[in-house]
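Residues per chain are reported as follows:
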Amino acid sequence: MAQCRYGSRLLLAALLLLDIILLQQGALARNATPAASTEQLAAGEVNVILLMADQMRFDVMGVANNPVAMTPNLDKLSSEGMLFTNAYSSTPTCTPARAAILTGLNPWNHGMIGYGSIAHRYPLEIARYLSSVGYMTHSIGKDHFGWNKSLHEGVPHGYDVTMLYDGLPGEDDDYDQWFSGLMPGADPMETGLTFNDYRGRAYALPEYYHPTAWVGRHTVEWLDAYDSTQPFMLKASFHRPHSPYDPPERVMNLYDPDKMPRPYRGDSWDDVFATKFNKTPDPGIWCGNITWEDLKTSRQAYYASVTYVDEWIGMIYDMLQMKGLLDNTLIIFTADHGDMLGDHYHYRKGYPYEGSAHVPFIIRWPNKNLSPANGGPVVADRGSRSDKVVELRDIFPTFAEASGHSLESAGLKVDGASVLALLRASPANSDGMATAAPWRQWIDMEHDICYNVTNHWNSLTDGKMKYIFNAYSATEQLFNLTADSAEYHDLAAVADYQTELKTWRERLVDQFVQEQRGPVWVQNGQLMRRVKGQTYSPNYPKTSTSPAARVV
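From a predicted model like this one, the values you see are computed outputs, not experimental measurements.

Basis of the calculations
Residues numbered from 1 in each chain as written. Predicted model: local features only at pLDDT ≥ 70, side-chain atom pairs only at ≥ 80, totals over all residues. Heavy atoms only, no water. Pairing = 2+ DSSP bridges. Helix = DSSP H or I, 4+ residues; strand = E, 2+ residues; numbered from the N terminus. Axes fitted to C-alpha atoms, helices over the stretch in contact; angles between N-to-C directions. Core = buried A, V, L, I, M, F, W, Y, C linked by side-chain atoms within 4.5 Å. Buried < 20%, exposed > 50% of the residue type's maximum accessible area, 1.4 Å probe, protein only. Contact = heavy atoms within 4.5 Å. Expected span 1.5 Å × (residues − 1). Polar contact = N/O pair within 3.5 Å; in protein donor to acceptor, adjacent residues only side chain to side chain. Parallel < 35°, antiparallel > 145°, perpendicular 65-115°, else oblique. Nonpolar A, V, L, I, M, F, W, Y, C, P; charged D, E, K, R; others polar.

Asker: Quick one: what's the story with the sheet that holds strand 13 (residues 443–447), residue by residue and with numbers?
Answerer: Spatially, 13-14-15-16 is the arrangement adopted by the 4 strands of the open sheet, whose pairing is antiparallel. With one partner strand each, in any of the chains shown, strand 13 and strand 16 (475–480) form the two edges of the open sheet. Here the average twist between neighbouring strands, direction ignored, is 15°.

Asker: A description of the nonpolar core should follow, citing residues and the corresponding values.
Answerer: If you look at the biggest cluster of nonpolar residues, it comprises 70 residues, and the most contacted ones within it are Met 56, Met 61, Phe 179, Leu 223, Phe 232 and Phe 333. Looking at this core element by element, the count peaks at 16 residues for helix 11 (residues 292–322). When neighbours within four sequence positions are excluded, Phe 232 is seen to be in contact with Asn 47, Val 48, Ile 49, Tyr 135, Met 136, Trp 222, Leu 223, Tyr 226, Leu 325 and Thr 329.

Asker: Can you lay out helix 8 (residues 211–225) for me, pointing to particular residues and giving the numbers?
Answerer: An α-helix turns once every 3.6 residues. As a result, residues three or four positions apart point the same way. Relative to the 21 Å expected for 15 residues at 1.5 Å per residue, helix 8 spans 21 Å between its end C-alpha atoms, a close match to the ideal helical length. Among the 15 residues that make up helix 8, 11 are buried, leaving the element largely enclosed by the rest of the structure. If you check which residues of helix 8 are buried, you get Pro 211, Thr 212, Ala 213, Trp 214, Val 215, Gly 216, Arg 217, Thr 219, Val 220, Trp 222 and Leu 223.

Asker: Outline the pairing of strand 4 (residues 136–141), listing residues and values.
Answerer: For strand 4, the buried fraction is high: 6 of the 6 residues fall into the buried class. Where strand 4 meets strand 8 (residues 232–241), 6 bridges bridge the pair, whose relative direction is parallel. Following the sheet pairing, Ser 139 is matched in strand 8 by Lys 235. As judged from the 4 bridges shared by strand 4 and strand 7 (residues 161–164), these two strands associate in the parallel manner. Of the residues in strand 7, the one forming a bridge with His 138 is Val 161.

Asker: Could you give me a rundown of the side chain of Arg 98, with the residues and numbers involved?
Answerer: Looking at where Arg 98 falls in the secondary structure, it is placed in helix 4 (residues 94–103). Polar side-chain contacts of Arg 98 include one of 3.2 Å to the side chain of Asp 336. Leaving out residues up to four positions away in the same chain, Arg 98 has contacts with Met 52, Asp 54, Ile 118, Lys 142, Asp 143, His 144, Phe 145, Ser 237 and Asp 336.

Asker: Outline the sheet that holds strand 12 (residues 384–391), supporting the account with residue identities and numerical values.
Answerer: Across the sheet, which stays open at both edges, the 8 strands sit in the order 7-4-8-2-9-10-3-12 with mixed pairing between neighbours. In the strand order of this sheet, the two ends are held by strand 7 and strand 12, each with one partner. With direction set aside, neighbouring strand axes in the sheet form an average angle of 15°. Pairing of strand 9 (residues 329–335) with strand 10 (residues 361–364) involves 4 bridges; the strand directions are antiparallel. Bridging across to strand 10, Thr 334 finds its partner in Phe 361. Of the strands in this sheet, strand 3 (82–88), strand 9 and strand 10 are in contact with helix 3 (residues 72–79), which crosses strand 10 at around 55°. In the packing of helix 13 (residues 395–402) onto the sheet, contacts are made with strand 2 (47–54), strand 8, strand 9, strand 10 and strand 12, and the angle to strand 9 comes to roughly 175°.

Asker: Break down the packing of helix 8 against helix 11 for me, with residues and values.
Answerer: At a closest axis distance of 9 Å, the pairing of helix 8 and helix 11 adopts a crossing angle of 5°. Considered as vectors, helix 8 and helix 11 are oriented roughly parallel to each other. Between helix 8, through Thr 212, Ala 213, Gly 216, Arg 217, Thr 219, Val 220, Leu 223 and Asp 224, and helix 11, the contact on the second element is made entirely by Tyr 308, Val 309, Trp 312, Met 315, Ile 316, Met 319, Leu 320 and Met 322. In terms of residue class, the contact of helix 8 with helix 11 is built from 11 nonpolar, 3 polar and 2 charged.

Set out below in structure tokens:
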């Protein structure tokens, strides 16, 4: 019976040992930064890969100056490309964030201003567009696009092939079928944790069965099998570090819980979240004061989950290198949103604060240079940084331009912009920061009611200042992110910042007016208190009928 449930233990041990050996060999092979190339790629010669983590905040990478985080492969990817230090998720929960990637639009224009269902189809979608210009498109891991129960498959949204692990109850997706076929009767959630849990524990089953390993292996195998002259778009979307925080024990043991960074606490503005909304601790808590004894283990498991994703990114990189695909492949790594991890007594996501909305964004361009036909030539130095504010909506136009079929040249309009424009700017200055290029000044963010009626907001940020309008209470917050990236000090009531506050308020008013949001949102130049929620804007496609999965 045990053999039937767990399969051959010798085979599992061999597979796991092979994974670890490949990781170690790959780490040794990743050393030199690619040499500058004068050879340029023509239109249609550039593959594009989107690597994603779920619920990964910006500051859990070594390259983000975190001395605790162990992310050598993401650090390596950044050293061979550009790190965007001010990247945001405009609607920082799973489905609306992924709608931005899918459409290249801002929340009001793709229609999801809160957590709901991604529409069955949008007029313009990233995979469908790239397919139309000759690309094969493949998605592995988390899509969260919806599940077609009659066809027993995910809604593809233009991908030629999907191989899914969404981590959603009620979806018998590809991972679920694979797992139940190999381990009938076993529980993939044997840790006892839930999908919205703040607690952390080591994975209770052999590492081979972990969803992160499943996504990573299938991605490596797909790249290994790729043998075509047809260019591809590949999305590899890891479910973790989204809860459950359940890394393999060997990875969890890399971190000392007593040395984990402590959560940020404000100078008093966040005190209300310590006690008011959660009297009794619950594994799915959205705010409250968790003891450090519990929180340090949670953070240990979360950081280790990031490191485990990083290991598999290293193996994907190694396969690309082995196949010679780094010469003509553009890679973006990002996340759909972050995780508060107890900062300001908040957990999970759906908030305007940095832990929730600030995400990693790394681009690595091909070893061979891009040509004017596909967004080049690149002038930026490898290993440079940009403080321009970017957002998930920028991925679609970036991939389109890299394909040699920019949306602008095709007369197609999105709200995002190709970040290749920033790579065509001058090389980095002495601080390693890419020099100026024409770009947006700030980004809009918002979220409908999530977890509690009081968590309902709009925000603007340029990565240096952040303005927040809390819709339920019609109150404002202002943070100087340059001096206070942890958001300790709310400056909205500080006399010296009233002009700054007014400037940002007027920008949000202007946005609502331009978008014709109407008197519920703005009247006579004043932002209105909004007690009722609104998950979808009038721009949401009317063909969608699927209810949202309730894992947020």
